[in-house]
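If you want the building blocks of each chain, they are given just below.
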Amino acid sequence: MRVLVTGGCGFIGSNLVRLIRAIRPAWHVTNLDLMTYAAHPDGLSDLAQDPQYRFVRGDIADGPLVQDLARNVDGILHLAAESHVDRSIVDAAPFIRTNVDGTRVLLDAARRFGLRFLHVSTDEVYGSLGPTGSFTEATPLAPNSPYAAAKASSDLLVRAYRETYGLDAVITRCSNNYGPYQFPEKMIPLFVTRLMQDQSIPLYGDGGNIRDWLHVQDHARALLLSYENGRGGEVYNIGARNEWTNLALTHELLRLMDKPHSLIQPVTDRLGHDRRYSIDPSKIEQELGWFPTIPFTGGLVKTVAWYQTNAAWWRPLVSQASLARVPADADGSNDDRSPACAS
Ligand code: NAD
Ligand code: DAU
């Protein structure tokens, strides 16, 4: 099996590439990544000598490059995206370009060469829930942020290519991920790295927003399973039934790191801030036999410990993480860093 993984130098993509190489040793993985600000320059450097792994620095919106890579693979696992909601509120343009047009370019290549296509989407396409109920695969799409709208648009393109051309495509929609190597602009790594420096942590609004947290390695397993065994044309929700208010999670981080509550800094709420996400993962559990394996409490302790012992990884990224809060500089894409994601 030869697969093209897009966004393999990102948080979830790097975990997926590592998983594939570990448990599908006969597979050949080509990783296409533009190396934006969110990519890990050395995240997969241990694979540099692996003959079954190839890194290509490039843009998923580059048609000729994508066609060239696609002609030599059996399928595409598509993760590349602009992924941070706050950045999309500052400037939606890179989100439309990569998440929508980039996906269209990949779909055209998959169609031309008859490839299997796994589209990695998000629960944010469903919008926001009230205090009860959960998103199922039948929940109507109602995205609220430019990021979520771009992801929902790409989901609809995938659906259209399935209906129009019979593309063998599967869509997954996962809840919030946490774990090592998450860029320190997202809530958990932002708060942990700031607390390590005894800096205040910016809690949006009243802290009552709810997110459903899953360890990134459990997500990666679900993606591989969906690619291998998911039924073409189907959507699979992925989540751990693990809902926390942001305030409760903040208190848990303070407790784990033995830091005072006075470091919580309530700040103006995110525009259009979704109140609650909750995933019903029954379908992937029943059809594909996937269940999360990493309990949140243990996973969170290990994640905090990882950031504590890997300050050399996140310290150079902190100044870029703050770009999301400074509109004039918040382009965020195409940052020219070393293309050393195991090239
Ligand atoms: P990330 O921001 O950490 O990584 C994205 C990767 O995509 C980076 O390596 C970046 O360089 C690459 N990329 C961006 N634009 C590109 C382009 N035009 N061409 C090629 N590569 C490009 O993102 P992540 O958190 O790992 O998310 C991966 C996927 O999973 C995304 O599609 C996201 O929507 C989805 N998702 C994320 C979460 C989460 O909690 N992080 C949850 C559900 C779904
Ligand atoms: O649900 C899946 C989505 O989860 C993915 O599709 C996105 O790519 C990923 O970024 C994530 O989106 P969120 O917006 O939920 O994640 P974020 O870490 O940005 O925020 C989590 C919650 O914490 C959210 O309610 C906003 C809040 N928050 C976030 C930041 C960065 C704060 O209170 N303060 C902050 O500084």
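Quick summary incoming for the structure in this document. Each residue is numbered by its place in its chain's sequence as written, counting from 1. Ligands are numbered from 1 and chains lettered from A, in the order in which they are written. Where local features are concerned, this predicted model is filtered to residues with pLDDT of at least 70; where side-chain atom pairs are given and counted, the filter is 80 or more; whole-chain, interface and lining totals use all residues. Excluding hydrogens and water, the side-chain values take into account all heavy atoms of the structure.

Observations regarding the nonpolar core
As used in this record, nonpolar core signifies buried Ala, Val, Leu, Ile, Met, Phe, Trp, Tyr and Cys residues forming a set joined through side-chain atoms within 4.5 Å. Relative accessibility decides the category of a residue: with a 1.4 Å probe and only protein chains considered, values under 20% of the type maximum give buried, values over 50% give exposed, and everything between is partly exposed. The biggest cluster of nonpolar side chains holds 35 residues, and the ones touching the most others in it are Val5, Leu16, Leu77, Leu79, Leu223 and Ile238. Secondary structure is summarised from DSSP: a helix means a run of H or I of at least four residues, a strand means a run of E of at least two, and numbering begins at the N terminus for each. Breaking this core down by element, the ones donating at least two residues are strand E1 (2–6), helix H1 (11–23), strand E3 (53–57), strand E5 (116–122), strand E6 (168–174), helix H7 (216–229), strand E10 (235–238) and helix H9 (282–288). Leu69, Leu106, Leu107 and Val235 belong to the second largest nonpolar core, which has 29 residues in total.

Concerning helix H4 (residues 93–113)
Taking 1.5 Å of rise per residue, 21 residues should cover 30 Å, and H4 covers 29 Å from first to last C-alpha, within 8% of that figure. If you look at H4, its biggest bend is around 25°, right at Gly102. Listed as buried for H4 are Pro94, Phe95, Thr98, Asn99, Val100, Gly102, Thr103, Val105, Leu106, Leu107, Ala109 and Ala110. By definition in these notes, contact holds between two residues if any of their heavy atoms fall within 4.5 Å. If you follow the buried residues of H4, they end up packed against E1, helix H2 (63–70), strand E4 (75–78), helix H3 (85–90), E5 and helix H5 (146–165). Taken from the residues just after H4, Gly114 is the one with a positive phi, measuring 65°. Multiplying 1.5 Å by the helix residue count minus one yields the expected span of that helix. To get the bend at a given residue, fit one axis to the seven residues ending there, fit another to the seven starting there, and take the angle between those axes.

Quick notes on the sheet that holds strand E11 (residues 243–245)
Strands were regarded as paired on the criterion that DSSP finds at least two bridges between them. On the basis of which strands lie adjacent, the open sheet formed by 3 strands has the order E7-E9-E11 and mixed pairing. Edge positions in the sheet fall to strand E7 (176–178) and E11, since each has one partner strand and no second. Across this sheet, the average inter-strand angle for adjacent strands is 50°, counted without regard to direction. Bridge count for strand E9 (residues 210–215) against E11 is 3 bridges, and the pairing is antiparallel. Bridge pairing in E11 places Asp212 opposite Glu243. Along the sheet face, helix H8 (residues 246–257) touches E9 and E11 and points at about 85° away from the line of E11. To get an axis, fit a line to the C-alpha atoms, keeping to the stretch in contact for a helix; angles then go from 0 to 180 degrees between the N-to-C directions.

Brief notes about the site of ligand 1
Here a residue counts as near a molecule or strand whenever at least one of its heavy atoms sits within 4 Å of it. If you check the shell around ligand 1, you find 28 residues, and the closest are Ile12, Asp33, Ser83, Tyr147 and Lys151. Here Phe11 contributes a backbone N or O atom positioned 3.1 Å from an oxygen atom of ligand 1. Here a polar contact is recorded for every N or O atom pair within 3.5 Å, except that within protein the pair must consist of a potential hydrogen donor and a potential acceptor, and residues adjacent in sequence are included only if both atoms are side-chain atoms. With respect to ligand 1, the backbone of Val120 contributes an N or O atom lying 3.5 Å from an oxygen atom. If ligand 1 stood free it would expose 840 Å²; the protein chains cover 96% of that surface. Taken together, the elements giving at least two residues each to the shell around ligand 1 come down to H1, E5, H5 and E7. No other element matches the 3 residues that E5 contributes to the shell around ligand 1. We call Asp, Glu, Lys and Arg charged. Ala, Val, Leu, Ile, Met, Phe, Trp, Tyr, Cys and Pro are nonpolar, and the rest, Gly among them, are polar. In terms of residue class, the shell around ligand 1 is made up of 14 nonpolar, 11 polar and 3 charged. Surface exposure here means Shrake-Rupley accessible area, sampled with a 1.4 Å probe, where a residue is shielded only by the protein chains that are shown.

Notes on unusual backbone geometry
You will see that Met35, though not glycine, has its phi angle at about 60°, which is positive. Here Met35 is to be found in the loop between strand E2 (28–33) and E3.

Regarding the pairing of E5
By the criterion of burial, E5 is predominantly enclosed, with 7 of the 7 residues buried. Of the two faces of E5, both are covered, the one formed by Arg116, Leu118, Val120 and Thr122 as well as the one formed by Phe117, His119 and Ser121. Bridge count for E4 against E5 is 4 bridges, and the pairing is parallel. Counterpart to Leu77 in the pairing with E5 is Leu118. When E5 meets E6, the two strands line up parallel, connected through 7 bridges. Of the residues in E6, the one forming a bridge with Thr122 is Cys174. The parallel pair E5 and E6, bridged by H5, forms a crossover whose chirality is right-handed. By definition, the crossover connecting two strands over a helix is right-handed if that path, from the first strand to the second, turns clockwise as seen with the strands pointing away from the viewer.

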